[in-house]
Amino acid sequence: MKNGVCPKCGCTVVIQGVRVLDHGHGNRTHDLSVAVDAKPDAWVFKGRVTGELWACVCGACGFTELYATNLDELVKAAAVVPPAEA
Ligand SMILES: [Zn+2]
């Protein structure tokens, strides 16, 4: 939907760069995010890398598509996770 066309209804009224808010302690808002732990089994220092989410929202049907930021760092963190044993 980054191309400005809704895949659900075909509308071209698409709002780009919409913040995705979460409400935390004390009702404070912050951007919703994704996290990749480079060392998920570590007790403390998990090497967590996060990326904030932003959205494209269709102005006709409300369909919403999410995108993450910080992609290079997320990929690097994910790459050091050992593959699962077969
Ligand atoms: Zn739509």
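Before reading on, note that the structure itself is shown above.
Procedures and definitions
Once a new chain begins, its residue numbering starts again from 1 and follows that chain's sequence as written. Restriction of local features to residues with pLDDT of at least 70 applies here, the model being predicted, together with a cutoff of 80 or more for giving and counting side-chain atom pairs; totals for whole chains, interfaces and linings are based on all residues. Values reported for side chains reflect all heavy atoms of the structure, with hydrogen atoms and water molecules removed beforehand. Numbered from the N terminus, helices here are DSSP runs of H or I no shorter than four residues, and strands are runs of E no shorter than two. A 3.5 Å cut-off defines polar contacts: any pair of N or O atoms within that distance qualifies, except that in protein one atom must be a possible hydrogen donor and the other a possible acceptor, and neighbouring residues in sequence count only when both atoms are side-chain atoms. Metal donors: N, O and S atoms at distances within 2.8 Å, or within 3.2 Å for Na, K and Ca, with water omitted from the atom set so that some sites may seem incomplete. Irregular is the default label, applied whenever a site is not tetrahedral (four donors, all angles between 85 and 135 degrees) and neither square planar nor octahedral (four or six donors, opposite donors over 155 degrees apart, all other angles between 65 and 115). Burial status follows relative accessibility: with a 1.4 Å probe on protein chains alone, a residue under 20% of its type maximum counts as buried, one over 50% as exposed, and anything between as partly exposed. A pair of Phe, Tyr and Trp rings is counted when the ring centres sit within 6.5 Å of each other, with Trp represented by its six-membered ring. The angle between the planes then sorts it: under 30 degrees is stacked, over 60 is edge-to-face, the rest tilted.

Participant: Please explain the side chain of Asp37 as it appears in this structure.
Facilitator: By the secondary structure assignment, Asp37 is in strand E4 (residues 33-37). Within the structure, Asp37 has its side chain in polar contact with the side chain of Arg48 (distance 2.7 Å).

Participant: I keep staring at the coordination of the zinc ion and nothing clicks. Help me out?
Facilitator: A four-donor tetrahedral metal ideally has 109.5 degree angles, and a six-donor octahedral metal ideally has angles of 90 or 180 degrees. Ligation of the zinc ion by protein atoms is provided by Cys6 (SG), Cys9 (SG), Cys58 (SG) and Cys61 (SG), these donors lying 2.3 Å from the ion. Bound by four donor atoms, the zinc ion shows angles of 104 to 116 degrees at the metal and therefore tetrahedral coordination geometry. Donor residues for the zinc ion, ordered by position in the chain, follow C-x2-C-x48-C-x2-C. Of this pair, Cys9 sits in the segment before strand E1 (14-19) while Cys58 sits in strand E5 (residues 48-58), placing them 49 residues apart in sequence. Its relative accessible area of 42% is what places Cys9 among the partly exposed residues. Residue classification places Cys58 among the buried positions, given a relative accessible area of 3%.

Participant: Sorry, what's going on with the packing of aromatic side chains here?
Facilitator: Tallied over the full model, the rule gives one aromatic pair. Seen from their ring centres, Trp54 and Tyr67 are 4.9 Å apart, and the 25 degrees between their planes marks the pair as stacked. Residue Trp54 is found in strand E5, and its partner Tyr67 is found in strand E6 (residues 64-68); the two are separated by 13 residues along the sequence. Under the relative-accessibility criterion, Tyr67 is labelled buried at 18%.

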